[in-house]
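Okay, here's what each chain looks like letter by letter:
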Amino acid sequence: MTKRVLQGVVVGAGFMGRTHLAAYGSRKDARIVCVVDRDVERARSIALGCEVRSDLSKALSDWEVDFVDVCLPSTLHRDAVVEALDAHADVLVEKPFAVSLVDVDAMVSASEKTKSRLMVAHVCRFMPQYLYLKNTVEGQILGKPLVFHAWRLSEVPAWSWNNWLNDKAQSGGTLLDLSIHDLDVANWLFGVPKAHNLTEISSLSSPGPAHTIARLSYDDIGAVTIEASHLMPKNYPFTAGFRLVAERGTLEFSGSLNEFTDKSVRQISLDQYDPYEAEIHHFLDCLKSGEDFRITPQEARLAVATVHELRK
């Protein structure tokens with residue numbers, strides 16, 4: 001177990017780069033030495049006193065880097081991740097892993113070849129509601145699961161750099177960018193889906209945003225449906241939730257970040273914390289201890305593969 005201060009680089013100065021950078025600030029055993037973005041002024045705007053560089057190779061040559069946190073648009077993940085792994089840095093990369101499975105497999109191969117570690121930032125696995133759900137299903141606390149439904153609804157995202165989230169070729173559309181959270185959760189709960197069915201309704205004004213309903217079949221549950229939308233009206237509040245119907249009760253979460261219902265009668269209050277900070281702490285803790293990440297590259301690959309199977 002290493003006790004020295006780990007040095008890291010954040011690549012991408014957008015919304016997620018800013019979010020991750022803030023989370024590292026709560027650790028004394030790790031520090032971000034550089035923020036990388038081709039827009040240097042934008043990098044400076046979030047750098048919090050860190051150095052900035054316009055390309056990752058320069059940062060990797062200027063510092064002894066232990067880890068790289070990649071917060072770029074999805075189609076740019078492969079190049080940055082492989083470059084970091086080849087420099088023998090461990091890597092945290094934002095979800096989705098990539099748009100194409102070819103890119104996913106290139107990153108996994110680079111990790112295996114270099115023996116550097118790779119984690120994909122599926123933040124729902126660090127949220128208390130979903131951890132409670134996982135424990136409920138795994139321990140069959142409410143008996144055998146019968147039906148699972150999850151949803152994630154939003155207006156058209158307008159915060160991305162050059163509006164890349166609305167370009168389906170760059171983001172993979174609503175299914176890959178938004179629904180993948182809950183597709184990963186379903187796989188985490190129930191395993192590998194055996195059958196896939198998708199209804200996808202696109203916006204009339206733009207081919208990127210859509211409303212999707214995915215139906216998945218697993219061995220150990222009767223029905224799983226995952227709903228996601230980027231077609232909600234302007235100023236519609238972001239909404240996420242789930243409902244698990246089991247033999248002896250129902251577990252439901254909607255809206256509130258710290259309260260949900262067990263068996264439809266009991267309100268459960270959970271400790272509130274920043275899941276992005278918890279995710280960053282987990283990544284760093286595993287780097288220092290050598291323990292396994294909560295999500296493996298193979299599990300993150302399955303989430304992307306599930307999207308591709310749904311679109312066949």
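Since the model is a prediction, treat every value here as computed from it, not as a measurement.

Draft legend 1. Representation of the packing of helix H6 (residues 128-138) against helix H8 (residues 173-190) in the model. Following both chains from N to C, one finds H6 and H8 inclined at 30 degrees, their axes separated by 9 Å at the closest point. As the angle between them shows, H6 and H8 are arranged roughly parallel. For the pair H6 and H8, the sense of crossing is right-handed. In contact with Tyr130, Leu131, Leu133, Lys134 and Val137 of H6, H8 contributes Asp182, Val185, Trp188, Leu189 and Phe190. Tallied by class, residues from the contact of H6 with H8 come to eight nonpolar, no polar and two charged.

Draft legend 2. Up close: the pairing of strand S11 (residues 239-246). Burial runs high along S11: six of the eight residues are buried. Note that strand S7 (residues 145-155) and S11 share eight bridges and pair antiparallel. Among the inter-strand pairings, proline 145 is bridged to a residue of S11, identified as alanine 246. Of the pairings in the sheet, the one linking S11 to strand S12 (residues 249-254) comprises six bridges and is antiparallel in character. Its bridge partner lying in S12, leucine 244 is registered against leucine 251. Hairpin connection of S11 to S12: two residues between the antiparallel strands.

Draft legend 3. Fine view of the nonpolar core. Counting 90 residues, the largest nonpolar core has Val9, Val68, Phe97, Tyr130, Leu133 and Phe148 as the members making the most contacts within it. In terms of residues, this core owes the most to one element, H8, which gives nine residues. In this structure, valine 9 is in contact with Ile32, Val33, Cys34, Val36, Leu56, Ala59, Val65, Phe67, Val68 and Asp69, ignoring residues within four places of it in sequence.

Draft legend 4. The arrangement of the pattern of salt bridges in detail. What the rule picks out here adds up to 19 salt bridges. Salt-bridge contacts for aspartate 62 lead to lysine 58; the nearest nitrogen and oxygen are separated by 3.5 Å. Placement of the pair is aspartate 62 and lysine 58 together in helix H3 (residues 56-62), with a separation of four residues, close to one helical turn. We classify aspartate 62 as partly exposed; its relative accessible area is 31%. Residues joined in a network through salt bridges with shared partners are Glu51, Arg53, Lys58 and Asp62.

Draft legend 5. Structural view of the environment of alanine 214. Counting through the fold element by element, alanine 214 comes out in strand S9 (residues 210-218). Residue classification places alanine 214 among the buried residues on the basis of a relative accessible area of 0%. In this structure, the C-alpha to C-alpha distance between alanine 214 and isoleucine 180, residues 34 residues apart in sequence, is 11 Å. Setting aside residues no more than four positions away along its own chain, alanine 214 makes contact with Leu183, Asn197, Leu198, Val224, Thr225, Ile226 and Leu310.

Draft legend 6. Structural context of the sheet that holds strand S4 (residues 67-70). Strand order across the open sheet formed by six strands is S3-S2-S1-S4-S5-S6, with parallel pairing between neighbours. Strands at the two margins of the open sheet, each flanked by one partner only, are strand S3 (51-53) and strand S6 (118-121). Here the average twist between neighbouring strands, direction ignored, is 25 degrees. Direction of pairing for S4 relative to strand S5 (residues 90-94): parallel, over a ladder of four bridges. When the bridges of S5 are listed, valine 70 appears paired with valine 93. Helix H9 (residues 275-289) rests against strand S1 (6-11), strand S2 (30-36), S4, S5 and S6 of the sheet, and its axis sits at about 160 degrees to S5.

Draft legend 7. Representation of the packing of aromatic side chains within the structure. According to the stated counting rule, one finds nine aromatic pairs in the structure shown. Ring plane angle 25 degrees and centroid distance 5.4 Å describe the contact between tyrosine 24 and phenylalanine 67, whose orientation is recorded as stacked. Highlighted residues: tyrosine 24 in helix H1 (residues 15-24) and phenylalanine 67 in strand S4, separated in sequence by 43 residues. The class for tyrosine 24 is buried, based on a relative accessible area of 3%.

Draft legend 8. Geometry of the layout of surface pockets. One number sums up the size of the second largest pocket: a volume of about 200 Å³. Forming the walls of the second largest pocket are 13 residues, and the residues nearest its centre are Ser111, Arg117, Leu118, Phe293 and Pro297. Looking at the lining of the second largest pocket, the elements with two or more residues in it are helix H5 (101-114) and helix H10 (297-310). In terms of residue count, H5 provides more of the lining of the second largest pocket than any other element does, three residues in total. Residue composition of the lining of the second largest pocket, by class: five nonpolar, four polar and four charged.

Conventions and cut-offs
Residues numbered from 1 in each chain as written. Predicted model: local features only at pLDDT ≥ 70, side-chain atom pairs only at ≥ 80, totals over all residues. Heavy atoms only, no water. Axes fitted to C-alpha atoms, helices over the stretch in contact; angles between N-to-C directions. Helix = DSSP H or I, 4+ residues; strand = E, 2+ residues; numbered from the N terminus. Parallel < 35°, antiparallel > 145°, perpendicular 65-115°, else oblique. Left-handed = near helix turned anticlockwise from the far one by under 90°. Contact = heavy atoms within 4.5 Å. Nonpolar A, V, L, I, M, F, W, Y, C, P; charged D, E, K, R; others polar. Buried < 20%, exposed > 50% of the residue type's maximum accessible area, 1.4 Å probe, protein only. Pairing = 2+ DSSP bridges. Core = buried A, V, L, I, M, F, W, Y, C linked by side-chain atoms within 4.5 Å. Salt bridge = Lys/Arg side-chain N within 4 Å of Asp/Glu carboxyl O. Phe/Tyr/Trp six-rings, centres within 6.5 Å; stacked < 30°, edge-to-face > 60°. 1 Å grid on protein atoms, 1.4 Å probe; cavity = no way out; pocket = protein on both sides within 12 Å on 5 of 7 lines; lining within 4 Å. Points joined across faces, edges and corners; volume = space filled by probe spheres on them.

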